[in-house]
Structure formats: structure tokens, C-alpha cells
Amino acid sequence: MKIIDAHLHLFDLQAGEYRWLSPDNPPFWPDKPVIAKNFSESDLVVSAPEQLSGFVHIEAGFDNAKPWREADYLAQHCHMPFRAVAGFDLLAGNNQHVISELLKRPCITGVRHILDDEAASVLNDAEAKGSLALLAEAGLSFDAQLSLYDTAGVQALSAVAADFPAMSFILNHAGFPLADKNIKVWQDNLKALSRADNIAVKLSGWEMHNRQWRADDIAPVVNTVHQYFGESRVMTGSNFPLCTWHSDYDAFWRTITQAVPAVYADKWLSENTLDWYFG
């Protein structure tokens, strides 16, 4: 079965900065040393009948001041088809220049500003809305990383998605459903986001809140995402190398290929990623 990994990271600690991977900087995960090392395309190994046919590389802090440098590095070192989502500060004042540089790199299809707990304050900011307008005009997508237990953040994301209907917004890690036991809040906010046709969801990042997750833990999430986002607005990603806190890359995909609805497997595992990222 063909897989296009919709969410992964590669590290070269000698070439890039990756300040967040330093033990002196947050996040202060006790198991951060497991991932604080080099990872390359050669580490992305899956066994038959699965076939990795490409991937989407999500910014990993290679150079936050010049985020296009990460794409340059990937273009030099990767041989598989890929697209890149560059780091981007919605609140910075020089974003026209940054966007101009990003557009010089054909592999860059969108950007990410990690919103997390600041989703509402960032997305409601006038500077951020101005940056989103520039991104929309440039034809770049926006990867939104926030918790769907943050209703104010969800409302802000819904508002900007309505403001820029031609722009694609892609929810990272399904909005962290395993972060809280009050799953109804997550379900209600997922339903609210599903009303916007320009929002898609990535099933990924399970290990961020449960290092020992099982297929049974994610089954209700998969079913709910299926219910609200259907056939064409769902993608699957590994969050490699963070997924290795749970299992190796090959084992991760063996679990996921069994977890997705069989009728939508081709769409969720590869075709939708082509549509939303590769264009």
C-alpha cells in the first residue's frame, strides 16, 4: 500500500540550529535525548506490502530567522518526492521578505507557526491577520498546531479560515485528542472546524500525550474524524522521529494502516496528502 507521510521531521544537528532540542531549552521532556540526534531520509524504512512514496517535511527549527534554509538543505539531501512546510512567525514584521524567499523554493508548499496555548491571542492579532493575507495571496497553506480543548483557539482558527476561504488550513496532530479525558470538548470543536471546507486534519502525534498509545486508544478518534471530515480532508502522518518514543517507523505504519477505514485507505494514506500539499 502506498504511503505519503504527511508529517515528519529530519534533523542534522551539525547543519541546523534546532534550539528546542538542547537539554537547556524547553520542552523539558525526560526522553528528549532519544530524538536529539541526526535523522535522515534513510531512516524512513517501511516493509512490504507498504511503500513510502514521499513525505511532507514540517519545519523543525533548522533556522528560525531564515526558514528557507531548511528547504535548501532538504533539496540537497533528499531523493524521495517531498514537500516542505517552513517555519513562519505570523507576528514578525518582515514577512513579505520571508514569503518572497519561500516562494523561490518550489518544494515549499506552506508554513507553520506553532500556536499551542497562544492560538487565540495570535490568530486574533492584527499583525497575524496581515501575515495570513500575504500567505493567502502567495498561495501558501498554513499548518495549525493547537489543542482542540482550547475552544477560544478553535473559534479564532474558524474565523481566519472563513476570512481566507481560498487558503488551506491543516490541523496538526488532530488537535491532540489524547491530551484530556473530556473527549466531548475535542469532538465538539472538531465538528465546528469541519464546517470549513478549507480545513483538513492530520492524524498524527499520538505519542505527544501518550507514549504507550494503543490502537484501541486512537480508534474513537479515527471514527470521529471520519464522521466529520469524511473521505477527502484527512491525512496520516508519523511525526517522525517523535513517533519513535512509541515504536519504530515501520511498526508505526503497520499500526496505522490497520487503523484507518479500509474504504478510505488510499485517500487517507497518500492521495489526500498529494491533493493538499503537492498540488
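Owing to the predicted nature of the structure, the values given are computational and were not obtained by experimental measurement.

Attention now goes to the overall build of the protein. When you go through the protein residue by residue, the secondary structure sums to nine helices and eight strands. For the protein, the C-alpha radius of gyration of 17 Å lies close to 19 Å, the compact-globule estimate for 279 residues. For the protein, the C-alpha atoms occupy an extent of roughly 45 × 45 × 35 Å along the three principal directions. Counting over 279 residues, the protein shows a buried share of 56%. At a minimum sequence separation of 6, the contacts of the protein that also span at least 24 residues come to 81%. For the protein, the accessible area works out to roughly 11,900 Å², and carbon and sulfur atoms hold 50% of it.

Turning our attention to the pattern of salt bridges. If you walk through the whole model with that rule in mind, you get eleven salt bridges. The partner of aspartate 31 in a salt bridge is arginine 211, with the nearest N and O atoms 2.8 Å apart. Separated by 180 residues along the polypeptide, aspartate 31 in the loop between β1 (2-8) and β2 (51-58) and arginine 211 in the loop between β7 (199-203) and α7 (215-229) bring together distant segments of the chain. The closest approach of N and O atoms between lysine 184 and aspartate 188, which form a salt bridge, is 2.8 Å. Taken together, the positions of lysine 184 and aspartate 188, both in helix α6 (residues 183-194) and four residues apart, correspond to about one turn of that helix. Aspartate 188 sits in the partly exposed class, given a relative accessible area of 39%.

Our next topic: the nonpolar core. Counting residues in hydrophobic clusters, the biggest one holds 83 residues, and the most contacted among them are Leu132 and Phe169. Sequence-distant contacts of leucine 132, that is, excluding residues within four places in its chain, are made with Leu90, Leu123, Phe142, Val160, Phe164, Met167 and Phe169. Grouped together as the second largest cluster of nonpolar side chains are eleven residues, Val85, Ala200, Trp276 and Tyr277 included.

Quick look at the side chain of glutamate 41 now. Note on placement: glutamate 41 falls in the loop between β1 and β2. Although glutamate 41 is buried, it forms no salt bridge, and the closest oppositely charged side chain is arginine 83 at an N-O distance of 11 Å. In terms of polar contacts, glutamate 41 uses its side chain to reach the backbone amide nitrogen of methionine 80, at 2.9 Å. Excluding residues that lie within four positions of it along the chain, glutamate 41 makes contacts with Leu10, Phe55, Cys78, His79 and Met80.

Taken as a whole and assessed by the stated rule, the structure comprises 16 aromatic pairs. Between phenylalanine 62 and tyrosine 73, the aromatic rings sit 5.5 Å apart at their centres with planes inclined by 35°, giving tilted as the arrangement. With phenylalanine 62 in the loop between β2 and α1 (68-77) and tyrosine 73 in helix α1, the pair connects residues that are eleven residues apart, well separated along the chain. Residue class for phenylalanine 62 comes out buried when judged on its relative accessible area of 2%. For arginine 211, the ring lying beneath its charged end belongs to tryptophan 245, and the centroid distance is 3.6 Å.

Turning next to the sheet that holds β1. Read across the sheet, eight strands follow the order β1-β2-β3-β4-β5-β6-β7-β8 without closing on themselves; strand pairing throughout is parallel. Edge positions in the sheet fall to β1 and β8 (234-236), since each has one partner strand and no second. Across this sheet, the average inter-strand angle for adjacent strands is 25°, counted without regard to direction.

Further remarks concern helix α5 (residues 151-163). Look at α5: 18 Å from first C-alpha to last across 13 residues, which is about the 18 Å you get at 1.5 Å a residue. Where α5 is buried, its residues meet α3 (119-123), α4 (126-138), β5 (141-145), β6 (169-171), α6 and β7.

A few words now on the side chain of lysine 267. In this structure, lysine 267 sits in helix α9 (residues 265-278). No salt bridge forms around the buried lysine 267; measuring N to O, its nearest opposite-charge neighbour aspartate 275 is 4.3 Å away. Excluding residues within four positions of it along the chain, lysine 267 makes contact with Glu231, Ser232, Val234, Asn272 and Asp275.

Of note, glycine 279 is situated in the segment after α9. Its relative accessible area of 94% is what places glycine 279 among the exposed residues. Spatially, the C-alpha atoms of glycine 279 and valine 185 are 33 Å apart, while their sequence positions differ by 94 residues.

How each quantity is defined
- Residues numbered from 1 in each chain as written.
- Predicted model: local features only at pLDDT ≥ 70, side-chain atom pairs only at ≥ 80, totals over all residues.
- Heavy atoms only, no water.
- Helix = DSSP H or I, 4+ residues; strand = E, 2+ residues; numbered from the N terminus.
- Rg over C-alpha atoms; globule rule 2.2 N^0.38 Å.
- Buried < 20%, exposed > 50% of the residue type's maximum accessible area, 1.4 Å probe, protein only.
- Contact = heavy atoms within 4.5 Å.
- Areas by Shrake-Rupley, 256 points an atom, 1.4 Å probe, with all protein chains shown as cover.
- Salt bridge = Lys/Arg side-chain N within 4 Å of Asp/Glu carboxyl O.
- Core = buried A, V, L, I, M, F, W, Y, C linked by side-chain atoms within 4.5 Å.
- Lys, Arg positive; Asp, Glu negative; His and termini not counted.
- Polar contact = N/O pair within 3.5 Å; in protein donor to acceptor, adjacent residues only side chain to side chain.
- Phe/Tyr/Trp six-rings, centres within 6.5 Å; stacked < 30°, edge-to-face > 60°.
- Lys NZ or Arg CZ within 6 Å of the ring centre and 35° of its normal.
- Pairing = 2+ DSSP bridges.
- Axes fitted to C-alpha atoms, helices over the stretch in contact; angles between N-to-C directions.
- Expected span 1.5 Å × (residues − 1).

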